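# Structure assessment
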Amino acid sequence: MSSVSEVITVAKPSRKELLIIRTLIVLGFLALVQFVWWFFLPGHMGQPLLYWLLTFSLVFKVFRMVHEWYHYFCISVPERPTLKRQYTVDVLTTAYPGEPHEMIINTLEAIRGITYPHTAYLCDEGDDPSLKEVCRRLGVTHVSRTEKINAKAGNINNALRQATGEICVILDPDHVPVSQFLDRVLPYFEDEQIGYVQCVQAYYNQGESLVAYGAAEQTYQFYGPMMMSMGHYGTAQAIGANCTFRRSALDSIGGHAPGLSEDMHTAMLLHAKGWKSVYVPEVLTKGLVPGTLAAYYKQQVKWARGTFDLLFHVYPRLFRQFTWRQKLHYFTVPLYYLFGVIGLIDLFIPAASLVTGEFPWTVNLIEFILRFLPVFIMSMLIRQYVQRWLLEEQERSFHILGGLLRVGTWWIYTLGFVYTIFGVKVPYIPTPKDDKPQNNLWLCLPNIIGVVISLGAIWYASYQYGLSLGIWKEALKQGELPDFYSYSLFMAGFAIVNAVVLGFNVLLGQEKFLSSMYSLPGRKYYFKNFLKGLGFGFWDVQRRLYRLLAQYGFVLLIPLIGMAVHLGFTDDSLFPQRSSQADNLSARWKAQPFLPGIYVPQTDQADGLQRISHLEQQLNISFELISFYHSWSADSLQGLPVRQIRAITQEGAHPLITWEPWSNTFPEFKSHPELGRNQKVFRAISEGKFDGYLRRYAALIDAQPTRVFIRFAHETDNPMYPWSAKGGNTPEEFIAAWRYIVTFFRQAGVNNVEWVWNPWKETAVQNYYPGSAYVDWIGITCLNYGEAATDKEWHSFQALYEPYRSQILKYDDPQIGHKPVMLTEFGSTTFGGNRDTWFNEALTDLPDYPEIRSVVFFDAENDPNWVTDWRPNKTTRYIDWRFESSRDAIATIRQQLKILTVTSNQVDPVVR
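Counting of residues starts from 1 at the beginning of each chain's written sequence and follows it residue by residue. pLDDT decides what is reported in this predicted model: residues at 70 or higher carry local features, side-chain atom pairs at 80 or more are listed and counted, and totals for whole chains, interfaces and linings draw on all residues regardless. To obtain the side-chain values, all non-hydrogen atoms of the structure were included, while hydrogens and water were left out.

The next thing to look at is the overall build of the protein. The helix and strand inventory of the protein stands at 33 helices and 20 strands. When each of the 912 residues of the protein is scored for burial, the buried share is 57%. Contacts are assigned to residue pairs with any non-hydrogen atoms lying within 4.5 Å of each other. Of the contacts made within the protein by residues no fewer than 6 positions apart, 81% connect residues no fewer than 24 positions apart. Method for areas: the Shrake-Rupley scheme with a 1.4 Å probe, in which residue coverage is limited to the protein chains shown. A total accessible area of about 38,300 Å² is found for the protein, and carbon and sulfur atoms account for 58% of it. Going along the chain from the N terminus, every DSSP run of H or I of four or more residues is numbered as a helix, and every run of E of two or more is numbered as a strand. The classification of residues rests on relative accessible area computed with a 1.4 Å probe and restricted to protein chains. Under 20% of the type maximum is buried, over 50% is exposed, and intermediate values are partly exposed.

What follows is the structure, given as structure tokens:
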């Protein structure tokens, strides 16, 4: 056992120190605002579910950061009044069956050693005869009870029926007080409004184990600068281990409040009654921190369940009786335990992203790092600067072990939250004080599952998408950094960190195994040093780094402030050439004639062209593009594309071919294990397996007397098509195949092709773009499905188009901005809104986007593509996209198309 021989105090902050910390907080807040502002800019959303989960996680962490800064802003040490009167004092500690007698006796002896006159009580829940004898020997009043209700609170209240002192000190049986304890706290009760005085909770066993060390680290900031500010704000938290109460204050609320978090419950009731509190930043007692993982988890699930219960059930009832700071305090403090839900989200996001190939963000990763860096550095500077108000030298470090332990406790905190939601009872059991080391394999099962999920997701992504560091390095050698790999490796790194942190917590739980490492023959010193490297010796390195940062950290402010000024609050300040790119290229875009087009699927080509002629007469305008689909197959070379192209040419238009790479249509691949199932088609293209087909197709296109627009493997990120990831294809394989085909046509001397690259979602701009040297047009699908869509929402043209535009302007290659945009499928349903109004607004807005130089109306009668669940045996439903049935729509389209085409009158028409 150990005791505190003398009082440990902290210096009152000087004016200079307060000015520095407040300046740091203001700068940190400005950095945080610019990051959050940038984060929520339109166009940054990736996969919606992952985005909103990430957003919730981010908002919570921002909230916790601001919560800390709010407390650091008013760090203070209360002035100790002069003690003018003599108080009668009762000092109570408890005993619970199974707790070590030696620990209880040590505390009782220390209580008897308190110099200020007092009466000592042992509230013995087990009515232990040996403890009775100890109390008799030490002059301590032994109290027990037969009706055991309300756990610790009931035990204390039972003793208070006998105690008569004006002041009541409640000590946990492991907390050993200094002899001057009462001399340091009693003067504050000279103010008649003070209901309780709280001092620091410190420990003497943090070196017992890695768990004890990490658990202690988690408390240092709270019992240091945060509680010092709580004292200033009138929200000092009562801690049941060593709190001193005014007896009349306790009596006013009916005694010590019950519950799993009985100390916080008591503080809430006292504050609601108008009693004030004081925090004395002095170490006047030292106790035990949980030394095993089982003891730590038992403590944390009890606290999580208890504080959530107070938030949900007690806080609303007392809300109106609190001051505004107390309202804020008792709402925000319990939310700490939401770190469990956040931990679950942080585990899910990278795993889901790697498995699905979807990403929560569509931001440039370098820009993200530069935007976040000021926040990270300021947060670190603030957190390290306030450590000057920690009580002991050993507390000053980066608290890495405490952070790792907290992350591994995600499932315990989540359990406490779920228990509260469903009203599951958790028994009040004192935190075990003498747990023996165990190999807690079952206790570590949730973290083991987390490790398996994280590593499994990385393996799946590597297998499914070809994710590998080697390919990434190869891309860097070629001067490229594929965004798919940037995002994927970022998510893989995220998953690896999760696996390492959770794996470390699993290792912490194998306490007998770790202990046995010390006794292995011939390896004693090796494993001892290894274990010290995990934690016991690492804190010294942390402390040295802390000292270095505390001494020279302000040097970081100079480049940091410069970076913040450079970033400003504009979305494109990092890339000024892109922020003005749209304006600079506007004239060049407008030099490209505007090409109206239409897609009318018909089995009878003549009937389809006749219908187009009818529409052209109604609109009084000529369609420059006529779109049709053409699937890869050996038979498709027998005249079909030639007939289509010639018929379109006779109409005075250009063909837009949506060229679909089906591989199972080729006889030679029917039995192929991959191509026969439409798998890995892009890899096969790059390997030259379709060269014969490509050669003949290129010859057919070259023979045509017109420009031919080819939309190859459209919407390659759409899981509806087998040339997506569904077919085992990766973005890199698509890019390689696209470049292969374009190069193949060019080497064959085919110069009459316009290549239209068309993603499905805006996120694909970052992942699938083949490069500006291989693309002539950016194709965008712009269809408003209305209530037939997955989200059941009616989307305006701007809402559909702006995310793509934002991603194009952000893309690493500025040449992408030189490409004209073609709305390859343009239209609206009537589900949930007025189609005529949609056309009118959309076509009216088109001049605001000079990069859009073509609109292809998706005038289809039957379209099953809206069906989100496209698995077999599902009912297929259709949408009618035809617009000619509405006279108002015809009038709107006629008027707006004339306006758009007039802007190109001075430009030579496309050569036919």
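Bringing the packing of helix H31 (residues 797-810) against helix H32 (residues 835-845) into the picture now. Here an axis means a line fitted to C-alpha atoms, over the contact stretch when the element is a helix, while the angle between two N-to-C directions is reported on a 0 to 180 degree scale. Here H31 crosses H32 at 40 degrees, and the two axes come no closer than 9 Å. Judged by the inter-axis angle, H31 sits oblique to H32. Contacts from Phe797, Gln798 and Leu800 of H31 reach H32 at Trp838, Ala842 and Asp845. In terms of residue class, the contact of H31 with H32 is made up of four nonpolar, one polar and one charged. When an angle is under 35 degrees it counts as roughly parallel; over 145 it counts as roughly antiparallel; between 65 and 115 it counts as roughly perpendicular; any other value is oblique. Residues are grouped as follows: Ala, Val, Leu, Ile, Met, Phe, Trp, Tyr, Cys and Pro are nonpolar; Asp, Glu, Lys and Arg are charged; every other residue, Gly included, is polar.

This part is about the pairing of strand S17 (residues 753-757). Within S17, five of the five residues are buried, leaving the element largely enclosed by the surrounding structure. A two-sided burial pattern is seen for S17, the buried positions comprising Val753, Trp755 and Trp757 on one face and Glu754 and Val756 on the other. Bridge count for strand S16 (residues 708-712) against S17 is three bridges, and the pairing is parallel. Residue pairing for S17: phenylalanine 709 is matched across the bridge by glutamate 754. With respect to chirality, the unit in which S16 leads through helix H29 (residues 731-747) into the neighbouring parallel S17 is right-handed. Only strands joined by at least two bridges in the DSSP assignment are considered to pair. Here S17 runs beside strand S18 (residues 777-784); their pairing, made up of two bridges, is parallel. Bridged to valine 756 within S18 is tryptophan 777. Crossover handedness is defined here as right-handed if the route from the first strand over the helix to the second strand goes clockwise, with the strands pointing away from the viewer.

With that out of the way, let us pick up the packing of helix H12 (residues 339-356) against helix H15 (residues 410-422). For the pair H12 and H15, interaxial distance at closest approach is 7 Å and the crossing angle is 125 degrees. Here H15 runs oblique to H12, going by the angle between their axes. The handedness of the crossing between H12 and H15 comes out as left-handed. In contact with Phe339, Gly340, Val341, Gly343, Leu344 and Leu347 of H12, H15 contributes Trp410, Tyr413, Thr414 and Phe417. Here the residues of the contact of H12 with H15 are counted per class, giving seven nonpolar, three polar and no charged. A clockwise turn of the near helix away from the far one marks a right-handed crossing, whereas an anticlockwise turn of less than a right angle marks a left-handed crossing.

Three or four residues apart is the spacing at which side chains of an α-helix point the same way, because the helix has 3.6 residues per turn. Of all 10 residues in helix H5 (residues 151-160), nine are buried; the element is thus mostly enclosed. Listing the buried residues of H5 in full gives Lys152, Ala153, Gly154, Asn155, Ile156, Asn157, Asn158, Ala159 and Leu160. Packed against the buried residues of H5 are strand S2 (89-95), strand S3 (119-124), strand S4 (141-143), strand S5 (167-171), helix H8 (247-252) and helix H9 (262-272).

It is worth spelling out the pairing of strand S7 (residues 194-199) at this point. Within S7, six of the six residues are buried, which leaves the element mostly enclosed by the surrounding structure. Pairing of S7 with strand S10 (residues 276-280), which is carried by five bridges, proceeds in the parallel orientation. Bridge pairing in S10 places cysteine 199 opposite valine 280. Summarising the sheet, S7 and strand S9 (residues 242-246) pair through three bridges and their orientation is antiparallel. Within the sheet, the bridge partner assigned to tyrosine 196 lies in S9 and is phenylalanine 245.

Read once around its circumference, the closed barrel built from eight strands follows the order S13-S14-S15-S16-S17-S18-S19-S20, with strand pairing classed as parallel. Each strand of the sheet is rotated relative to its neighbour by a mean of 30 degrees, with strand direction disregarded. Pairing analysis gives five bridges linking strand S13 (residues 595-599) to strand S20 (residues 852-858), with the strands arranged parallel. Considered in S20, the bridge of isoleucine 598 is made with phenylalanine 857. Strands in contact with H29 are strand S15 (654-660), S16 and S17; relative to S17, the strand with the most contacts, it is inclined by about 175 degrees. Those strands touched by H31 are S18, strand S19 (821-828) and S20, and its axis lies near 155 degrees from that of S18.

Ordered in space as S6-S12-S8, the three strands form an open sheet in which the pairing is mixed. The outermost strands of the open sheet, each flanked by one partner alone, are strand S6 (176-177) and strand S8 (202-203). Relative to strand S12 (residues 285-287), S8 runs parallel, the two sharing two bridges. When the sheet's bridge partners are listed, alanine 202 is paired in S12 with lysine 286.

The next thing to look at is a nonpolar patch on the surface. Excluding any residue in a salt bridge, patches collect residues exceeding 30% relative accessible area, merging like charges within 9 Å and nonpolar Val, Leu, Ile, Met, Phe, Trp and Tyr side chains within 5 Å. Each salt bridge in this description consists of a side-chain nitrogen of Lys or Arg and a carboxyl oxygen of Asp or Glu lying within 4 Å of one another. Among the surface-exposed residues, Phe312, Val418, Ile421, Phe422 and Val424 lie close enough to one another that they form a single nonpolar patch of about 440 Å² accessible area. Top element by residues in the nonpolar patch is H15. It accounts for three residues. In this fold, phenylalanine 422 is placed in helix H15. Phenylalanine 422 gets classed as exposed once you look at its relative accessible area, which sits at 64%.

The phi torsion of most residues other than glycine is negative, and most of the peptide bonds are trans. Positive phi outside glycine occurs at asparagine 150, with the angle close to 60 degrees. You can see asparagine 150 is positioned in the loop between S4 and H5. Since its relative accessible area comes to 44%, asparagine 150 is described here as partly exposed. Its identity is not glycine, yet glutamate 715 carries a phi of approximately 50 degrees, on the positive side.

A few words now on the environment of cysteine 123. Position of cysteine 123 relative to the elements: it lies in strand S3. Residue classification places cysteine 123 among the buried residues on the basis of a relative accessible area of 0%. In this structure the C-alpha to C-alpha distance between cysteine 123 and leucine 92, which are 31 residues apart in sequence, comes to 7.0 Å.

By themselves, these observations are geometric and do not establish any function.
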